[in-house]
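# Remarks on the overall topology
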Amino acid sequence: MNAFTAIRLQGISYAFGSHTVLDDIDLTIDAGSVVALLGPSGCGKSTLLRLLAGLTQPAKGEIHFGERLVAKPDWSLPPEARDIGMVFQDYALWPHMTVAQNVAFPLKMRNVPRAERDARVAKALARVGLEAFADRKPSGLSGGQQQRVALARAIVGEPRVLLFDEPLSNLDSELRESLCTEMARLLRQLGTTAVYVTHDRREAEILADRIVHLSAGSIAAVRAVTPSSGEFA
Ligand SMILES: Nc1ncnc2c1ncn2[C@@H]1O[C@H](COP(=O)(O)OP(=O)(O)OP(=O)(O)O)[C@@H](O)[C@H]1O
Ligand SMILES: [Mg+2]
């Protein structure tokens, strides 16, 4: 477990052909903090998250997790070697697996022994309130429950970095608010460094310690969130 890992982006640029998507991004994310990346559609949020995940490589600049270099222009540590957990907008669960099998998957990939795996899956499911759903298939769950499964799968390996790409966007607004508050509490408990992409300012305020405003591929502003602003009105 590496609960406290800082993330450092230095001079990160990225382009699709001649279209510059990220332009010279410098950002340090403190170990154990939650940063929200906020900005309008197309500003480069998902691209930045994909760079952090190792799903794509920067054209310029470097990314460090703690002391470890994870990306530079001609080289990138693959996602499976980065010790990350990810949650996407569309849940990305395996439909043929039960809830428990979905959550166990990252541990299975790492050859964690069966007994330990079962214990950790049970703990992760308890953290997201899904103990009673271990044997269901995702198709038998609501959208909110499916996203909880994805969340349990992301945290089960106790990764050093958690990455979220608009995980609540597919849910209705009431559910979004309650799950957002729960996720904020969970992230505080875990103490894992997290980057949370959203275009919803209120979500960002509830979840994050700092909000990074992206605009057309550049950082327009960085602002600290005070505890009192982290509540839904
Ligand atoms: N595969 C691709 N090929 C070409 N351009 C792309 C590709 N993927 C993304 N882009 C462009 O890169 C820019 C940034 O995309 P990105 O997905 O990072 O935006 P975003 O901030 O996540 O937007 P959204 O809020 O809609 O998810 C956009 O202008 C987009 O059109
Ligand atoms: Mg996006």
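Residues numbered from 1 in each chain as written. Chains lettered and ligands numbered in written order. Predicted model: local features only at pLDDT ≥ 70, side-chain atom pairs only at ≥ 80, totals over all residues. Heavy atoms only, no water.

## Observations regarding the sheet that holds strand β1 (residues 7–16)
Taking strand neighbours across the sheet as the criterion, the 5 strands line up as β2-β1-β4-β5-β6 in an open arrangement whose pairing is antiparallel. In this open sheet, the two strands that pair with only one neighbour each are β2 (19–29) and β6 (75–76). Across 7 bridges, β1 lies against β2 in antiparallel orientation. Bridge pairing links Ile-7 to Ile-29 in β2. Sheet contacts for helix α1 (residues 45–53): β1, β2 and β4 (60–65); angle to β1, the most-contacted strand, approximately 120°. (Pairing = 2+ DSSP bridges. Helix = DSSP H or I, 4+ residues; strand = E, 2+ residues; numbered from the N terminus. Contact = heavy atoms within 4.5 Å. Axes fitted to C-alpha atoms, helices over the stretch in contact; angles between N-to-C directions.)

## A few points about the sheet that holds strand β10 (residues 210–215)
Reading across from one edge, β7-β8-β9-β3-β10-β11 is the order of the 6 strands in this open sheet, with mixed pairing throughout. Strand pairing shows two members of the sheet lacking a second neighbour, β7 (84–87) and β11 (218–224), which therefore form its edges. Neighbour to neighbour, the strand axes of the sheet diverge by 15° on average, direction disregarded. Relative to β11, β10 runs antiparallel, the two being bridged by 6 bridges. Within β11, the position partnered with His-213 by the bridge is Ala-221. Helix α4 (residues 143–155) rests against β7 and β8 (161–165) of the sheet, and its axis sits at about 170° to β7. Sheet strands touched by helix α5 (residues 173–190): β3 (34–38), β8 and β9 (193–198). Its angle to β8, the strand with the most contacts, is close to 165°.

## Some points on α4
In this model α4 runs 19 Å from its N-terminal to its C-terminal C-alpha over 13 residues, within 8% of the 18 Å that 1.5 Å per residue would give. Burial of α4 is extensive: 11 of the 13 residues sit out of reach of the surface. The inward-facing, buried residues of α4 abut β7, α2 (99–109), α3 (114–127), β8 and α5. (Expected span 1.5 Å × (residues − 1). Buried < 20%, exposed > 50% of the residue type's maximum accessible area, 1.4 Å probe, protein only.)

## Some remarks on the environment of Arg-127
Assignment of secondary structure puts Arg-127 in helix α3. With a relative accessible area of 34%, Arg-127 lands in the partly exposed category. It is 30 Å that separates the C-alpha atoms of Arg-127 and Val-70, two residues lying 57 residues apart in sequence. When sequence neighbours within four positions are dropped, the list of residues in contact with Arg-127 reads Ile-155, Leu-186, Gln-189 and Leu-190. At a separation of 3.2 Å, a polar atom in the side chain of Arg-127 contacts the side chain of Gln-189. (Polar contact = N/O pair within 3.5 Å; in protein donor to acceptor, adjacent residues only side chain to side chain.)

Read these as layout, nothing more, since geometry by itself doesn't imply function.
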